Every structure is written in C-alpha cells, then in structure tokens.
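Working through the structure, step by step
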Amino acid sequence: MAYFEMTKTAIKTLLSTPATILYPAQPAKKTALSRGHVTIDESRCISCGTCQRKCPSQAIVVSREAKTWQIDRLRCVVCNSCVDTCPVKCLFMDTQYSSPVIARSVELIAITYVKPVKPEKKDEASA
Amino acid sequence: MTKQIIVPFGPQHPVLPEPIHLDLVLEDERVVDAIPSIGYIHRGFEKLVEKREYPEYVYIAERTCGICSFIHGATYCQGIEQIMNLEVPERAQYLRVIWSEYSRMHSHLLWMGLFADSFGFENLFMNAFRIRERILDVMEQTTGGRVIQGSCKIGGVRRDISNEKLDEMHRDLDSIEREIRDLTTVFLQDDSIKHRLRNVGRLSKEDAYHLGASGPTARGSGVAIDLRKTGYGAYGNLNFQLVTDSCGDCYGRCAVRAKELFTSIDLIRQAIQKIPDGPVDIKVTGVPNGEFFARAEQPRGELVHYIKGNGTKFLVRSRIRTPTLTNIPPLVRMLQGCELADVPVIVLSIDPCISCTER
C-alpha cells in the first residue's frame, strides 16, 4: 500500500525556504536576456522606418517629416524584431516590463538626430 | 428507458484551462454521449499570413499556443526552409531540439499540475508548478522569454547558447531529474490516485488508431506513434525509447507523460553532449515559392503546418492542424459510458489546448 508517497516531498518543503518571492517587496527575477520593453536612443535614430516595417504587431510608427518615433505599448508583443533589424542599433531591449496603464495611449518620442553636414567639396576645389 | 437529459459542460468550468463546450447526454448519472463544440477563441491567425511578410510570421506562428510556442515556430521555419531548400546549420538544429525538449517538459509538468488539480490534489499541483518554474528559468536565461521564446528564425536560431551555459544546464538536469522522480512517484504509485484514474476513460488501441488519436493519448492506448522517430531536425542523431502504455485509461495517459519527462531529460543530455560548434544561422535570400506540409511532435501529439507561397514576400495560405483537434473524437469515445463525476478528469487527460485548435 502506498498512501504516503507525498510525505517525503512535504517534509522537504517544510524544511526549505519558500519557492515563491514576496513581490513587489522583493524584485522579480530577471535575466540579462529578459525581454521587458523596447527603448530608443532618439539621438541616433535615422528615421529609416525599418522597425515599423518589421514589426509583426504594427505597434511602431515612424514619421520622417515630423521626426517622431511612436510606440503603442499595448500592441507591442516584445518580440525583439525591431531591435534585431535596426540598422544603426539605436533600439534596445530593457529587462523591466512596461508599467501598467489605465487607458490606452501611445508613447511619442521626438527624434533629435541631426544628419551631419558633409563638407562641400566643390567650394574646396574652387578655392 | 430512462429519461435522457443534457448537461452543458464548459466553456467556463473550474477544471478547464481553456474554453471547450461539451453537451453531455445523461441517463441518470451515466454519460451516453457527448457533443463537443469549439469556436470561442478563434483569432484568425491563418488569415494574417497574407498581411505579414514570411520572416515576420514566425512570431505569429509562435503565438498560436502559449505552452508549446517554440515548437510551433520551429515547425513553421522547417516548412519554409524545405520550400526554399535552405540548409540549416547543425548547431541550430541541436539548439532547436534542446529548446523543444525543454518545452515538452514544461508542458507535461503544467499538464500534470492541472491534472492533479482536476482530481482534487492541490499540493501536487503546486509541486508540479514549482518544478516547472525551474525549467522556465532556464528558458528565460537562454532565450529571453519564459513561455514565448522567440528564438527560432528561418535559416537557424536567433540566439546561441554558450558552451559554459550548456554545461551548467547539463549539471542542473540532475537535480531537476531528482525532483521530477519524486513527483512522478506520487502520480504513479499513490493508491488514492491510482484508484481515481484506473479504468476511467478507457480507449482501446483500435479506437485510438481509427479515431486518429495522436501523442500521449495514442501512446497511452498502446499505439506507438511518435514523429520524433522520423528523425526530423537533429532527432535522427539521438537515441531514445518510445514510451507507450497498454492501459488505455487515464492512468495510462498519465504514465506516458510522466515517463516522457525522463525521455526529454535524456534527449537534452545527449544533445548537449553531441552539439557541434559552428554558426547558428545562415543568410536567407529569396522568397518561398511552393507548398509543404511541415510536421513535428508537440507535447500533445502531431502538429502539421501547411504552408504555400507564390514567389512573393507574403504567403498565400497557412493551415495549422493541431493535435488537440484530432484528440477530440477519441475524447468523445472515452466519455461514452463514463460517470458524470469522471468527466473533468477524462477531458483533462487528453491535455486539451483549445487556443491552438482554433488559432
């Protein structure tokens, strides 16, 4: 008769620390690779729109004219596709989840990148 | 003749993780027939294939299911790779096996927890979930996602696992195996559990075969079908014993899953020992033109992804046939003749994943 198969596990559990953590008093487990939310370095973004095209959930809108980068956090599925495909590597994956919200809104970020002015070769040649 | 009454079961029911509806035809307390209906969580994933480029559809294919997500992504990639004649690097194939087997372990542990809950053993449910958490931790450390790994892509995998991390995973498997052994001993040896599961929801070998059961539901009835034996990916280079059970009842299906946990551990160990060094992906150019049925073994059974491309960036058709769909006719057969009180246990014993089924 095997009625007390669980006893071994029960005693072990009793003598060990709890398997759960006291969140939010203790921070949640995170690893270096954890996908939390996407962040942007607006000073490096060249407004190419690759992230918008490669986004499977269409959460990102890049406007070249208005120089804005916009993300809908509730649409974003945190797949890392934009971070992988960004040609200038200005997008990053933060390990913290985006904070909870009570209404749907989009996050609008102004791009501050300024295209470096190329020195005019013609003038130099003429001079 | 006794008067027949119909009792609805689901779509919302304490025991069901996902919505499936069954109309149970009862004569007194005995179920004489069950009429299943699905359609509560259709999300239109297959139509989306026309709107997203084929490399981006991997993320969508992966989100078909919240449990066996990695295998969905990998199967879709296999299909595209076959159409485009891509040679996937060997290291990537081994990594896919490692992640697939970790997925299988976490799926089986989740099922064992829910199953314990369905027959009223709450402690065992908590215990199964505690062990599952360790597997999810490994997933997060290696891919960045707990349940949606997102590490598969066409032509390989998106992330490599360093050899040091692989060694660490290999060492950790020993203690995970010990914990799982304690857990499965309770499931398979405890008399009160045996009493609850023996001779409940019996499915004969012939019925299992003719009604198209797949995965542990078929193997629990003694039908030796496992797609991993066909040797897709790196499975051809690994040795493993196919787990079957001749009982054909809920206990048999539980025993198959319990023993498969050890098969998965063994497969991961072999894969870590044999994994070669080298690149993990290849550059993919061109567009898929053609059609292919990609098949793989999911924790619940055989998964089929039908993919058709017409030479553009957008696929024409994607069709996903999941194992739960084929396991519903055997479920109806199991329910015929059972007691009403056994219905929750029998329904859970096929490991229903309705979100996959409806996509």
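Source: prediction; values computed, not measured.

Conventions and cut-offs
- Residues numbered from 1 in each chain as written.
- Chains lettered and ligands numbered in written order.
- Predicted model: local features only at pLDDT ≥ 70, side-chain atom pairs only at ≥ 80, totals over all residues.
- Helix = DSSP H or I, 4+ residues; strand = E, 2+ residues; numbered from the N terminus.
- Rg over C-alpha atoms; globule rule 2.2 N^0.38 Å.
- Buried ≥ 20, exposed ≤ 12 C-beta atoms within 10 Å, placed from the backbone.
- Contact = placed C-beta atoms within 7 Å.
- Pairing = 2+ DSSP bridges.
- Nonpolar A, V, L, I, M, F, W, Y, C, P; charged D, E, K, R; others polar.
- Axes fitted to C-alpha atoms, helices over the stretch in contact; angles between N-to-C directions.
- Parallel < 35°, antiparallel > 145°, perpendicular 65-115°, else oblique.
- Left-handed = near helix turned anticlockwise from the far one by under 90°.
- pLDDT = per-residue confidence, 0-100.
- Expected span 1.5 Å × (residues − 1).
- Bend = angle between axes of the 7 residues up to and from the residue.

Before going further, it helps to examine the overall build of chain A. The helix and strand tally for chain A stands at four helices and five strands. Secondary structure elements of chain A, listed N to C terminal, follow the sequence α-β-α-β-β-α-β-β-α. The C-alpha atoms of chain A give 24 Å as radius of gyration, which overshoots the globular expectation for 127 residues (14 Å, by more than 25%). With the C-alpha coordinates of chain A rotated into their principal frame, the extents come out at 100 × 35 × 30 Å. Expressed as a percentage of the 127 residues in chain A, the buried residues total 17%. The contacts of chain A with a sequence gap of at least 6 include a subset with a gap of at least 24, amounting to 73%.

For a regular strand, the rule is simple: side chains alternate between the two faces of the sheet. Residue and element names in this part refer to chain B. As judged from the six bridges shared by strand 1 (residues 4–9) and strand 2 (residues 21–27), these two strands associate in the antiparallel manner. Across the sheet, the residue bridging to valine 7 is leucine 24, located in strand 2. Sheet topology places strand 2 next to strand 3 (residues 30–37); seven bridges connect them, and they run antiparallel. Residue aspartate 23 lies in a different strand from strand 3, and its bridge partner there is isoleucine 35. Linkage of strand 2 to strand 3, two consecutive antiparallel strands, is achieved through a turn of two residues, within which aspartate 28 is found at a positive phi near 55 degrees.

Moving on, we come to the interface of chain A and chain B. Residue-level contacts link 19 residues of chain A with 22 residues of chain B. Considering only residue class, the side of chain A that touches chain B consists of nine nonpolar, five polar and five charged.

This paragraph deals with the sheet that holds strand 7 (residues 301–310) of chain B. Residue and element names in this part refer to chain B. Spatial strand order, 6-7-8: three strands in an open sheet with antiparallel pairing. The sheet terminates laterally at strand 6 (289–298) and strand 8 (315–321), the two strands that pair on one side only. The average undirected angle you get between the axes of adjacent strands in this sheet is 10 degrees. As paired strands, strand 6 and strand 7 are joined by ten bridges and run antiparallel to one another. Across the sheet, the residue bridging to arginine 295 is valine 304, located in strand 7. Contacts from helix 3 (residues 69–83) reach strand 6 and strand 7, with the element oriented near 145 degrees to strand 6. Where helix 11 (residues 323–335) meets the sheet, its contacts fall on strand 6, strand 7 and strand 8, and the angle it forms with strand 7 comes to roughly 135 degrees.

A word on the environment of Arg43(B). Residue and element names in this part refer to chain B. Among the secondary structure elements, arginine 43 is positioned in the loop between strand 3 and helix 1 (45–48). What makes arginine 43 partly exposed here is the crowd of 13 C-beta atoms within 10 Å. A C-alpha to C-alpha distance of 34 Å links arginine 43 and arginine 91, two positions 48 residues apart in sequence.

Take the packing of helix 4 (residues 90–118) of chain B against helix 10 (residues 250–274) of chain B next. Residue and element names in this part refer to chain B. Interhelical geometry of helix 4 versus helix 10 gives an angle of 155 degrees and a closest axis separation of 9 Å. Put simply, helix 4 runs roughly antiparallel to helix 10. Relative to helix 10, the crossing made by helix 4 is left-handed. Counted together, Tyr94, Val97, Ile98, Glu101, Tyr102, Arg104, Met105, His108, Trp111, Met112 and Phe115 of helix 4 and Cys254, Arg257, Glu260, Leu261, Ser264, Leu267, Ile268, Ala271, Ile272 and Lys274 of helix 10 form the full contact between these two elements.

A few words on the confidence of the model for chain B. In the predicted model, chain B carries a mean pLDDT of 88, and the fraction of residues at 70 or more is 100%. With a pTM of 0.88, the predicted complex shows an ipTM of 0.79.

Another point: unusual backbone geometry. Note that the residue after Tyr23(A), namely Pro24(A), is joined by a cis bond; omega there is 5 degrees. Here Pro24(A) lies in the loop between helix 1 (7–15) and strand 1 (37–40). Notably, Asn80(A) is not glycine yet its phi reads approximately 80 degrees, a positive angle. The topology assignment puts Asn80(A) in the loop between strand 3 (68–71) and helix 3 (81–85). Judged by C-beta crowding, with 21 C-beta atoms within 10 Å, Asn80(A) ranks as buried. Non-glycine residue Asn199(B) carries a positive phi angle of around 60 degrees. In this fold, Asn199(B) is placed in the loop between helix 7 (191–197) and helix 8 (205–210).

All names here are of chain B. Strand order across the open sheet formed by three strands is 1-2-3, with antiparallel pairing between neighbours. At either margin of the open sheet sits one strand with a lone partner, and together these are strand 1 and strand 3. Recorded for the sheet is a direction-independent mean angle of 25 degrees between the axes of neighbouring strands.

Moving on, we get to helix 6 (residues 163–189) of chain B. Residue and element names in this part refer to chain B. Taking 1.5 Å of rise per residue, the 27 residues of helix 6 would be expected to cover 39 Å, and the 38 Å separating its terminal C-alpha atoms lies within 8% of that figure. Its axis deflected by about 25 degrees at leucine 173, helix 6 carries its strongest bend there. Within helix 6, the full set of buried residues consists of Leu166, Ile180, Leu183, Thr184, Val186 and Phe187. In this structure, the buried residues of helix 6 make contact with helix 4, helix 5 (122–143), helix 7 and helix 10.

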